[in-house]
Amino acid sequence: MSRPQTTSPVIVALDFPSEQETIQLVERLDPSLCRLKVGKELFTRCGPALVKQLVDKDFDVFLDLKYHDIPNTVARACEAAADLGVWMLNVHALGGEKMMSAAREAVSRNGTEAPLLIAVTWLTSSGQAELDARGLNTTPQQMVSRLAGMTQNAGLAGVVCSAQEAPMLREQMGEDFLLVTPGIRLADAEKDDQCRVVTPEKAMQDGSSYLVIGRPITQADDPCQVLQRINNDLANI
Ligand code: C5P
């Protein structure tokens, strides 16, 4: 069953350890104002039932579990995620084109209801030292570019990337490729543990399609007000 989608590019990261804290926040949000992201911590604690609960509240849910395994296992996991009714899910591009193609085929069985399938390239927490340690003779930027190319070849809809990588990837991958970017902070806010941050406006101007925003919204006194402020600012660019 299709439902009206929000026009907001904001995906709120639900980085909570319990259902109670998650629902407390979600009840202050509205599916017409944002989408939601469920990652490994929350999923491991609360499981598919919570994901279904969010879907049933009419939110578009990005299930951020970054699958990476043999192609058949990843395909079956993606199929299970699609059955939950999620809007978006992801795999690791490092799993290779065969794995990504198997995942794409698995989710596309859901036809027009198929979730968007994207890939994580080279994690922003890993830099040159991590490439060197693995004997990979390349730079993080080349790695991101190469993995994004593989993702497109496998027919996936886009990648998760840092806002810093967005201009390069937008040019390389064309207009239709989705770029989903975390590391977003409001101009006047704390950076928390994020090192390189950009504002929502800058990220969109640089080519992002969706913005993953956690603490600036989830830890705010009035999360809905912050969300509306971001949406209003973005409507004016
Ligand atoms: O609270 P904050 O806005 O920093 O949350 C960002 C979200 O995006 C978290 O769920 C984090 O795991 C995720 N993320 C990230 N950097 C990446 C990939 C994902 O911050 N490179």
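Our structure is the block above this text.
So, a few notes on the structure that sits alongside this text. Bear in mind that the values here come from a model prediction, so they are computed numbers and not experimental data.

Helix and strand counts for the protein chain come out as 10 helices and 8 strands. When the backbone C-alpha atoms are referred to their principal axes, the protein chain occupies close to 45 × 40 × 30 Å. Classification of the 237 residues of the protein chain by burial places 50% in the buried group. Partitioning the contacts of the protein chain with sequence separation of at least 6, the portion at a separation of at least 24 is 68%. Accessible surface for the protein chain amounts to roughly 11500 Å². Of this, 46% is attributable to carbon and sulfur atoms.

A few words on the pattern of salt bridges. Under the counting rule described, the total for this entry stands at 11 salt bridges. With a shortest N-O distance of 3.9 Å, Lys57 and Glu27 are connected by a salt bridge. Residue Lys57 is located in the loop between helix H2 (40–56) and strand E3 (61–67), and its partner Glu27 is located in the loop between helix H1 (19–26) and strand E2 (35–38); the two are separated by 30 residues in the primary sequence. Taking relative accessible area as the criterion, Glu27 reaches 57% and is therefore assigned exposed. A salt bridge links Arg185 to Asp192, with the shortest nitrogen-to-oxygen separation between them at 3.1 Å. Judged by its relative accessible area of 5%, Arg185 is buried.

Glancing now at the site of the ligand. The local shell around the ligand consists of Ala13, Asp15, Lys37, Thr124, Pro182, Arg185, Gln194, Val212, Ile213, Gly214, Arg215 and Pro216. Asp15 has a polar side-chain atom sitting 2.8 Å from an oxygen atom of the ligand. The side chain of Arg215 places a nitrogen or oxygen atom 2.7 Å from an oxygen atom of the ligand. More than half of the atoms belonging to the ligand lie within 2 Å of the grid points that define the largest pocket. Listed by contribution, the elements that provide at least two residues to the shell around the ligand are strand E8 (210–213) and helix H9 (215–218). Residues of the shell around the ligand, tallied by class, amount to 5 nonpolar, 3 polar and 4 charged.

Take the side chain of Ser209 next. Position of Ser209 among the secondary structure elements: in the loop between helix H8 (200–205) and E8. For Ser209, the side chain forms a polar contact with the side chain of Arg170, separated by 3.2 Å. Not counting the four nearest positions on each side in its chain, Ser209 is found in contact with Pro9, Arg170, Phe177, Leu178, Leu179 and Met204.

The parallel closed barrel is built from 8 strands, whose spatial order is E1-E2-E3-E4-E5-E6-E7-E8. Taking each pair of neighbouring strands and ignoring which way they run, the sheet shows an average axis angle of 25 degrees. Where strand E6 (residues 158–160) meets strand E7 (residues 178–181), 3 bridges bridge the pair, whose relative direction is parallel. Within E7, the position partnered with Val160 by the bridge is Val180.

Space inside the largest pocket adds up to approximately 900 Å³. Going through the elements one at a time, E3, E8 and H9 are the ones with two or more residues in the lining of the largest pocket. Examining the composition of the lining of the largest pocket, we find that 3 residues originate from one element, E3, more than from any other. The residue inventory of the lining of the largest pocket, partitioned by class, reads 15 nonpolar, 10 polar and 10 charged.

Parameters and conventions
Residues numbered from 1 in each chain as written. Predicted model: local features only at pLDDT ≥ 70, side-chain atom pairs only at ≥ 80, totals over all residues. Heavy atoms only, no water. Helix = DSSP H or I, 4+ residues; strand = E, 2+ residues; numbered from the N terminus. Buried < 20%, exposed > 50% of the residue type's maximum accessible area, 1.4 Å probe, protein only. Contact = heavy atoms within 4.5 Å. Areas by Shrake-Rupley, 256 points an atom, 1.4 Å probe, with all protein chains shown as cover. Salt bridge = Lys/Arg side-chain N within 4 Å of Asp/Glu carboxyl O. Near = heavy atom within 4 Å. Polar contact = N/O pair within 3.5 Å; in protein donor to acceptor, adjacent residues only side chain to side chain. 1 Å grid on protein atoms, 1.4 Å probe; cavity = no way out; pocket = protein on both sides within 12 Å on 5 of 7 lines; lining within 4 Å. Sits in = over half its atoms within 2 Å of the grid points. Nonpolar A, V, L, I, M, F, W, Y, C, P; charged D, E, K, R; others polar. Pairing = 2+ DSSP bridges. Axes fitted to C-alpha atoms, helices over the stretch in contact; angles between N-to-C directions. Points joined across faces, edges and corners; volume = space filled by probe spheres on them.

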